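So the chains spell out like this:
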Amino acid sequence: MDKPWKISRGPIAATELDVEKANAINMLLIRPVDVLPAKAGDPVLPFAVGLFNELRPLLKPDIGVTTLRRATAAYVHCRRYYFASAQPDSMRHSLDGEPVEPLSSEDRLVAQKRFLSLKQTTGKTEAPEQTEPVPAPLLSKSEQIRAALLGKKGTPPASAG
């Protein structure tokens, strides 16, 4: 893992979650920027160096820079952004979505390592969701009563199927 990948996976398509994060950024701006995906399937485009400084003047007057910084960080620190950045043919893009320069091999290697780390981490958390759901344990009568009483304090208890 000391060398950047040599085989490209082509453009990395945005998921609904990527689009939600992109929309969160665009909602903070006076106009949407084309470097962000508008719909699922649009390519995830790595940002040009210093792009955040170009986003700041587009910030709506009532929005703080910290809010923009957090929304941008949520987008650029996700798995698919790192995956797109790690590709051997990956390019950095301007606000208009135009390629401006290739990512350096050092930046691609960092993105590759972060992608693999996130993939491993999320793979562990997603594993239980991919298995068949475990049926709820059978509760004793006293446990059912306790659950019903506790459920009334906050949210209504789920009905037994």
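Residues numbered from 1 in each chain as written. Predicted model: local features only at pLDDT ≥ 70, side-chain atom pairs only at ≥ 80, totals over all residues. Heavy atoms only, no water.

**A look at the pairing of strand 2 (residues 99-102)**
Step number 1: Both strand 1 (residues 91-93) and strand 2 contribute to a ladder of 3 bridges, which runs antiparallel. Its bridge partner being in strand 2, His93 is matched across the sheet by Pro99.
Step number 2: From the end of strand 1 to the start of strand 2, which pair antiparallel, there are 5 residues, and Gly97 there has a positive phi angle of about 85°. (Pairing = 2+ DSSP bridges. Helix = DSSP H or I, 4+ residues; strand = E, 2+ residues; numbered from the N terminus.)

**Looking at the confidence of the model for the chain**
Caution is warranted with low-pLDDT regions, since their predicted coordinates should not be read in detail.
Step number 1: Across the chain, the average pLDDT comes to 82, with 77% of residues at 70 or higher.
Step number 2: Mean pLDDT values over the elements of the chain span from 66, in helix 6 (residues 141-153), up to 96, in helix 1 (residues 16-27).
Step number 3: Confidence drops under pLDDT 50 across residues 125-134; counting only partners more than four residues distant or on other chains, this segment forms 1 contact. (pLDDT = per-residue confidence, 0-100. Contact = heavy atoms within 4.5 Å.)

**Quick look at the packing of aromatic side chains**
Step number 1: Within the structure shown, the criterion is met by 4 aromatic pairs.
Step number 2: Taken together, a centroid distance of 5.8 Å and an interplanar angle of 20° make the contact between Phe47 and Tyr75 stacked. With Phe47 in the loop between helix 1 and helix 2 (51-55) and Tyr75 in helix 3 (residues 65-76), this residue pair connects regions lying 28 residues apart in the sequence.
Step number 3: Classification of Phe47 by relative accessible area gives buried; the value is 8%.
Step number 4: For Tyr75, a relative accessible area of 0% gives the class buried.
Step number 5: On the numbers, 5.7 Å between centres and 75° between planes, the contact of Phe47 with Tyr81 is edge-to-face. Of the two residues, Phe47 is situated in the loop between helix 1 and helix 2 and Tyr81 in helix 4 (residues 79-86); the sequence distance between them amounts to 34 residues.
Step number 6: A network of ring pairs unites the aromatic residues Phe47, Tyr75 and Tyr81 as a single cluster. (Phe/Tyr/Trp six-rings, centres within 6.5 Å; stacked < 30°, edge-to-face > 60°. Buried < 20%, exposed > 50% of the residue type's maximum accessible area, 1.4 Å probe, protein only.)

**Looking at the nonpolar core**
Step number 1: Within the largest apolar cluster, 31 residues are counted, with the highest numbers of intra-cluster contacts made by Val33, Leu36, Phe47, Leu68 and Tyr75.
Step number 2: Elements with a minimum of two residues in this core: helix 1, helix 2, helix 3, helix 4 and helix 5 (105-130).
Step number 3: Looking at this core, the element that brings in the most residues is helix 4, giving 5 residues.
Step number 4: If we ignore the near neighbours within four places in the chain, the residues touching Val33 are Asn26, Leu55, Leu58 and Leu95. (Core = buried A, V, L, I, M, F, W, Y, C linked by side-chain atoms within 4.5 Å.)

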